[in-house]
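# Structure assessment
Each chain is listed here by its residues.
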Amino acid sequence: PYIKMSDCSQVSDGASALLLVSEAGLAKMGKAHADVVEVMGTGHAVSSLYEDGDLTELGTTKTAVGRAYASAGISAGDVNVAEVHDCFTVTELMMIEALGLADPGQGGVVTRDGVTSLSGSVPVNTGGGLIGFGHPVGATGVKQPLEIFRQMKGLCGDYQVSGSLQWGVTANMGGDDKTVVSLAIRNLD
């Protein structure tokens, strides 16, 4: 199998924004906990630009996500929705594995079986990801938590995930798994 143009995200223009506020800031804005989500865990990892490890896994992503899970006190089994960097179709499958949502080599199987679909147990890239939505390079890392927020608050219209979403995770990378940032996000009721 070869990678085709339709397997590659198209670099696009775009922008995204979000507000990070303290409890005091939330009160000043007149917002309640039910209006927001909370970043409970963060993870960041880097690896050498000059050496590649195992090309069948995203080790730097796995490390960053593990740190986000640990700082939030959760595991992959707690995740209800995820947004991952899918610059290529194979990258989404590898990201699913790095997040612990599938065993190594099984990202394609869980995707084929519908686990990561909108009606699956852990929907991934509900807004289309980079391939379906576009890849506005700098805005991508901000769009991911925004999409998690929109899903958690029921704001996604025709592509809204059903059921209660308590935990979401993001994984955004640069440089072919060389720099990765991950967030563990909790829905506030």
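Each chain carries its own residue numbering, running from 1 in the direction its sequence is written. Given that this is a predicted model, residues contribute local features only at a pLDDT of at least 70 and side-chain atom pairs are listed and counted only at 80 or more, while totals for whole chains, interfaces and linings are drawn from all residues. Side-chain measures here rest on the full set of heavy atoms in the structure, leaving out hydrogens and waters.

### Focus: helix α2 (residues 59-72)
Spelled out, the test is: Under the DSSP-based scheme used, a helix requires at least four consecutive residues in state H or I and a strand at least two consecutive residues in state E, with every element numbered from the N terminus. A helix is expected to reach a length of 1.5 Å times the quantity of its residues less one. A simple rule labels every residue: compare its accessible area, found with a 1.4 Å probe on the protein chains alone, to the largest value its type can have, and call it buried under 20%, exposed over 50%, or partly exposed in between. Residue contacts are counted whenever heavy atoms from the two residues lie within 4.5 Å of one another.
Here α2 is 14 residues long and its end C-alpha atoms lie 20 Å apart, about the 20 Å a rise of 1.5 Å per residue gives. Burial in α2 covers these residues: T60, T61, A64, V65, A68, Y69 and A72. Looking at the buried residues of α2, the elements they touch are β1 (37-46), α3 (89-98), β3 (167-174) and β4 (179-187). Two residues or fewer past α2, G73 is found with a positive phi of approximately 75°.

### Examining the side chain of Q151
With respect to the helices, strands and loops of the structure, Q151 is situated in helix α6 (residues 137-152). Residue classification places Q151 among the buried positions, given a relative accessible area of 1%. Each residue touching Q151, except ones within four places of it in the same chain, is listed here: T126, C156, Y159, Q160, V161 and L165.

### Quick word on the nonpolar core
Convention followed: Grouping buried Ala, Val, Leu, Ile, Met, Phe, Trp, Tyr and Cys residues that are joined through side-chain atoms within 4.5 Å yields what is termed a nonpolar core.
Within the largest apolar cluster, 29 residues are counted, with the highest numbers of intra-cluster contacts made by Y69, L99 and L101. The set of elements that each furnish at least two residues to this core consists of α2, β2 (81-84), α3, β3 and β4. The element best represented in this core is α2, accounting for five residues. Non-local contacts of L99, meaning those with residues more than four positions away in its chain, are made with T61, V65, Y69, A76, A82, V84, V169 and A171. One finds V81, L165, L183 and I185 within the second-largest nonpolar core, a separate group that totals seven residues.

### A few points about the pattern of salt bridges
Threshold: Here, a salt bridge means any side-chain nitrogen of Lys or Arg that lies within 4 Å of a carboxyl oxygen of Asp or Glu.
Taken as a whole, this structure holds four salt bridges when the rule is applied. For E147, the salt bridge goes to K143, with nearest N and O atoms at 3.8 Å. Separated by four residues within a single helix, E147 and K143 lie in helix α6, roughly one turn from each other. This pair shows no difference in class: E147 is buried, exactly as K143 is.

### A closer look at the side chain of T60
What counts here: Residues adjacent in sequence count toward polar contacts only when both atoms are side-chain atoms; beyond that, a polar contact is any pair of N or O atoms within 3.5 Å, and within protein one must be able to donate a hydrogen and the other to accept it.
Mapped onto the secondary structure, T60 falls in helix α2. The class for T60 is buried, based on a relative accessible area of 9%. A polar atom in the side chain of T60 sits 3.0 Å from the side chain of S47.

### Some words on the confidence of the model for the chain
How we decide: Scored between 0 and 100, pLDDT is the confidence that the predictor attaches to each residue.
Summary statistics for the chain give a mean pLDDT of 93 and a share of 99% for residues scoring 70 or more. Within the chain, the lowest mean pLDDT, 84, falls on helix α5 (residues 129-133), and the highest, 98, falls on α2.

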